[in-house]
Amino acid sequence: MTTRLVLDEILDPGAARVVVTRDATGRVSEAAFDLAGLPRVDGLLTGRPAVEVPALVERLCGICPAAHHLAGMRALEALAGVTAVPPTAEAVRRLLHAGAVIAIHVVHLVATDPDAALVLRRLAKAAMATAGSPGHFPATAMPGGVVAPAMPDRRDACAALVPEALAVARRVAERALSAPPGSLDGFGGADVALVDDVGRLDLFGSRLRAVADDGTVLIDGAPASDWDSLVAEAEPGSSAPRPYLVALGSRGTYRVGPVAQLRVADVPTPEAAGLQTAWRTGGGGASAARAVIVVHAVETIAGLLGAPALVAGDVSVPLPPSGPGVGVGWVDGARGLLVHRYEVDAAGVIARATILTPTAQNEPWLGEMLRAAAQDRGTDRARLEDAIREADPCLPCSSAPAGAMGLVVDTVEGP
């Protein structure tokens, strides 16, 4: 049997397309970021035996592979009824995740502060290598735990990089906090992030918290098993599914990512906690929020490297055979909440896979910022670029230097 592939379009990975809709009076009624270049990858898992997922999941996204790797493992464990992995496995997974968060965030620094980017990237790569993933695609976790504990020599080499990385991360954060936060963000929806059992920010947390714009707590520590009652998609299967908080109906738009993370809960590490207070006081934007989260991730790595469990202990628990059911796994990555939801049939085949990315969840927020930036008849491309960087979609365009984004603006006439 011969398979024929037809390529009818070549997409520029550094490009971004914004569609601005104006009414008969010329007023901007809507602006949307085109996600057609970021198709959903759920279909790559549907119809596959669940046992094949570990070999596939970390390659679903070349930009955030570790987040997909870890969320997918958690979803498989939820299917099997495994609620916790051994302390060593937990520590190694957290080390991988914290390193990946830094590695993604420092991409934004390459053009403006390459020296800082180099220092932080060096720590990120060392942390991921210590966790068993020296290459681009992770090889750390397996269903029920991890492949191996961290090697003491790699741990020690990584620990030697922490003091300089922490000093650099703090300097970058202080500089970002001293800059004007900008005037793009007038989002009126909720903020969603993961927390630990006592409600502190935890990027690898087991509970979800949602806070309204006025500070009202909408969801306080819900487990992943409650996902179907928490969030629904207005347009299931679409690249722009428009997810919403079920409790609020179609009005329940929300955002994820560093801004949401700092708004939802207190950071538990001391250096980042002080910076978070300054960020909240100054009404900081996403750039400063990313910098604060990097400080938190560096501190998290420092704590994990000092934990005895990282290098010794059981690395996995037996994974019981999973019957038909639903499993949900999540992590709060650099760009925000990533959710994997698998439905498996009696034959152990994935009947339906739903992967909700931070980019898809932030699309309504980005749309609001784009509409505000495009209000003037002479569309200001610089402000549109600023809006895209603020929401930080999972595309190369979001880290392009100022003025270098391949931005295409299409204006259409609405009703």
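Since the structure is predicted, the reported quantities are computational estimates derived from the model, not experimental observations.

Visitor: For the packing of aromatic side chains, give the residues involved together with the corresponding values.
Guide: Within this structure, the stated rule accounts for two aromatic pairs. Taken together, a centroid distance of 6.3 Å and an interplanar angle of 80 degrees make the contact between Trp227 and Trp330 edge-to-face. Residue Trp227 is located in helix α7 (residues 227–230), and its partner Trp330 is located in strand β11 (residues 325–333); the two are separated by 103 residues in the primary sequence. The pair Trp227 / Trp330 is uniform in exposure class, with both members buried.

Visitor: Got a sec to walk through the sheet that holds strand β13 (residues 350–356)? Specific residues and values, please.
Guide: Read across the sheet, three strands follow the order β11-β12-β13 without closing on themselves; strand pairing throughout is antiparallel. The sheet is open, and its two borders are formed by β11 and β13, each paired with just one other strand. Shown here is a sheet whose adjacent strand axes are inclined to one another by a mean of 10 degrees, direction ignored. Direction of pairing for β11 relative to strand β12 (residues 336–344): antiparallel, over a ladder of nine bridges. Residue pairing in the sheet places Gly329 in a bridge with His340 of β12. The strands touched by helix α2 (residues 65–79) are β11, β12 and β13; relative to β11, the strand with the most contacts, the crossing angle is about 150 degrees. Lying on the sheet, helix α11 (residues 358–373) is in contact with β12 and β13; it crosses β12 at an angle near 125 degrees.

Visitor: Outline helix α12 (residues 381–391), listing residues and values.
Guide: For an α-helix the count is 3.6 residues per turn, leaving residues at separations of three or four pointing the same way. All buried positions along α12 are accounted for by Leu384, Glu385, Ala387, Ile388, Arg389, Glu390 and Ala391. Phi turns positive one or two residues past the end of α12, at Asp392, with a value near 55 degrees.

Visitor: Can you lay out the pattern of salt bridges for me, pointing to particular residues and giving the numbers?
Guide: Summed over the entire model, instances satisfying the criterion amount to 24 salt bridges. Linking Asp392 and Arg335 is a salt bridge whose minimum nitrogen-to-oxygen distance equals 3.4 Å. In this pair, Asp392 is assigned in the loop between α12 and β14 (406–413) and Arg335 in the loop between β11 and β12, connecting sequence segments 57 residues apart. Here Arg335 falls in the buried class, since its relative accessible area comes to 8%. Glu343 is the salt-bridge partner of Arg341, the closest N and O atoms lying 2.6 Å from each other.

Visitor: Talk me through the nonpolar core; I want residue IDs and the actual numbers.
Guide: Phe33, Ile102, Leu120, Ile301, Tyr342 and Ile388 are the most contacted members of the largest nonpolar core, which totals 113 residues. Looking at which element gives the most residues to this core, the answer is helix α10 (residues 286–305), with 13 residues. For Ile388, the contacting residues outside a window of four places in its chain are Ala16, Val18, Phe33, Leu366, Leu370, Pro393, Cys397, Met405 and Leu407. Formed by 20 residues, the second largest nonpolar core is a distinct cluster that contains Ala224, Leu230, Val256 and Ala360.

Visitor: Residues and numbers for the environment of Ala297, please.
Guide: Inspection of the secondary structure assignment puts Ala297 in helix α10. Ala297 sits in the buried class, given a relative accessible area of 2%. Between the C-alpha atom of Ala297 and that of Ala124, which follows or precedes it by 173 residues, the distance is 9.4 Å. Contact partners of Ala297, with chain neighbours within four places excluded, come to Ala98, Val101 and Ile102.

Visitor: Give a detailed account of unusual backbone geometry, specifying residues and quantitative values.
Guide: Non-glycine residue Arg242 carries a positive phi angle of around 50 degrees. The residue Arg242 is located in the loop between β8 (231–233) and β9 (243–245) in this model. What makes Arg242 partly exposed here is its relative accessible area of 30%. At Asp392, a residue that is not glycine, the phi angle is positive and equals roughly 55 degrees.

Visitor: Pulling in residues and values, what's your account of the sheet that holds strand β10 (residues 254–255)?
Guide: As summarised here, the arrangement of the four strands in space is β7-β6-β5-β10, forming an open sheet in which the pairing is mixed. In the strand order of this sheet, the two ends are held by β7 (217–223) and β10, each with one partner. Inspection of the sheet shows strand β5 (residues 190–195) paired to strand β6 (residues 207–211) by five bridges, in the antiparallel sense. Paired with Asp191 across the bridge in β6 is Val211.

Visitor: Explain helix α9 (residues 270–282) to me, and be specific about the residues and the numbers.
Guide: Compared with the 18 Å implied by 1.5 Å per residue over 13 residues, the 19 Å span of α9 between its first and last C-alpha is a close match. Every buried residue of α9 is listed here: Ala272, Leu275, Gln276 and Trp279. Seen from one end, α9 has its buried residues packed into an arc of 110 degrees, which puts them on one side. Residues Pro270 and Thr281 are exposed on α9 and point more than 90 degrees away from its buried face. Buried residues in α9 make contact with α6 (162–178), α8 (258–264) and α10.

Visitor: Mind laying out the pairing of β13, listing which residues take part and the relevant values?
Guide: Burial analysis of β13 places five of its seven residues in the buried class, the great majority of the element. Inspection of the sheet shows β12 paired to β13 by six bridges, in the antiparallel sense. When the bridges of β13 are listed, Val339 appears paired with Leu356. Remark: five residues form the turn of the hairpin made by β12 and β13, two consecutive strands paired antiparallel; Gly348 in that turn has positive phi of roughly 80 degrees.

Visitor: Which residues make up the side chain of Asp113, and what are the values?
Guide: Take Asp113: it is sitting in the loop between α3 (87–105) and α4 (114–130). Judged by relative accessible area, which is 9%, Asp113 ranks as buried. Within the structure, the side chain of Asp113 is placed 3.2 Å from the side chain of Arg171, a separation counted as a polar contact. Among residues more than four places away in sequence, those in contact with Asp113 are Arg171, Val172 and Arg175.

Parameters and conventions
Residues numbered from 1 in each chain as written. Predicted model: local features only at pLDDT ≥ 70, side-chain atom pairs only at ≥ 80, totals over all residues. Heavy atoms only, no water. Phe/Tyr/Trp six-rings, centres within 6.5 Å; stacked < 30°, edge-to-face > 60°. Helix = DSSP H or I, 4+ residues; strand = E, 2+ residues; numbered from the N terminus. Buried < 20%, exposed > 50% of the residue type's maximum accessible area, 1.4 Å probe, protein only. Pairing = 2+ DSSP bridges. Axes fitted to C-alpha atoms, helices over the stretch in contact; angles between N-to-C directions. Contact = heavy atoms within 4.5 Å. Salt bridge = Lys/Arg side-chain N within 4 Å of Asp/Glu carboxyl O. Core = buried A, V, L, I, M, F, W, Y, C linked by side-chain atoms within 4.5 Å. Expected span 1.5 Å × (residues − 1). Arc of directions from axis to C-beta. Polar contact = N/O pair within 3.5 Å; in protein donor to acceptor, adjacent residues only side chain to side chain.

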